[in-house]
Amino acid sequence: IFNGMCHEILPPRRLVYTFDFEGMPRHVTVEKGTFEEEHGSKTRLTSKSFFQRVEDRDIMLNLLRVGGGTAESIDRLAELLKYLKYIHRGHHDND
């Protein structure tokens, strides 16, 4: 199970939040995502993770290699952003 808390939200440019994995208690990571408009309707997401210790980083890299999940998370983010863009254009759930 993963947990976290948003610390900075600057739409549509930046999101900063904490991230922790219950399998690694007391090893909180700070995540920073920046969004930049590209040509057309594309957006570049740059994500940086700040770990408390090098060992924490290495453990997380091993978990990502073994368990994956990053691609699925990015896919879910893309779906959310499409939905928010749809809502922003004045559409509603019952349309």
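As a reminder, the structure under discussion sits directly above these lines.
If you're wondering where the values come from, they're calculated on a predicted model, not measured in any experiment. Within every chain, residues take consecutive numbers counted from 1 along the sequence as written. pLDDT decides what is reported in this predicted model: residues at 70 or higher carry local features, side-chain atom pairs at 80 or more are listed and counted, and totals for whole chains, interfaces and linings draw on all residues regardless. With hydrogens and water set aside, each side-chain value is computed from the structure's full complement of heavy atoms.

(A) Broad picture of the overall build of the chain. For the chain, the count of helices and strands is two helices and five strands. Strands here mean DSSP runs of E at least two residues long; helices mean DSSP runs of H or I at least four residues long; both are numbered from the N terminus. The order of α-helices and β-strands along the chain, N terminus first, is β-β-β-β-β-α-α. As defined in this context, the radius of gyration uses C-alpha atoms, and a globule is described by 2.2 Å times the residue total to the power 0.38. Computed over the C-alpha atoms, the radius of gyration of the chain is 16 Å, more than 25% above the 12 Å expected from 2.2 N^0.38 for a compact globule of 95 residues. Overall, the C-alpha framework of the chain stretches about 45 × 25 × 25 Å when taken along its three principal axes.

(B) How the structure looks around the environment of Glu8. With respect to the helices and strands, the residue Glu8 is situated in strand S2 (residues 6–10). Glu8 gets classed as partly exposed once you look at its relative accessible area, which sits at 28%. Between the C-alpha atom of Glu8 and that of Lys32, which follows or precedes it by 24 residues, the distance is 9.1 Å. Ignoring any residue separated from it by four or fewer positions in sequence, one finds Glu8 in contact with Arg14, Leu15 and Val16. Relative accessible area decides the class of each residue, using a 1.4 Å probe on protein chains only: under 20% of the type maximum gives buried, over 50% gives exposed, and in between gives partly exposed. Two residues qualify as a contact provided that any one of their heavy atoms is within 4.5 Å of a heavy atom in the partner residue.

(C) Representation of the pairing of S2 within the structure. As paired strands, S2 and strand S3 (residues 14–21) are joined by four bridges and run antiparallel to one another. Within S3, the position partnered with Glu8 by the bridge is Val16. Strand pairing requires that DSSP identify at least two bridges connecting the strands. Taking the residues between adjacent antiparallel strands as the criterion, S2 and S3 are bridged by three residues.

(D) Highlighting the pattern of salt bridges. We define a salt bridge as a contact between a side-chain nitrogen of Lys or Arg and a carboxyl oxygen of Asp or Glu at a distance within 4 Å. Taken as a whole, this structure holds four salt bridges when the rule is applied. Glu8 is the partner of Arg14 in a salt bridge, and the nearest nitrogen-oxygen pair spans 3.2 Å. Linking Asp56 and Arg53 is a salt bridge whose minimum nitrogen-to-oxygen distance equals 3.0 Å. Exposure remark for Asp56: the relative accessible area of 2% places this residue in the buried category.

(E) Focus on unusual backbone geometry. In this structure, Pro12 follows Pro11 across a cis peptide bond, with omega equal to -5 degrees. Position of Pro12 relative to the elements: it lies in the loop between S2 and S3.

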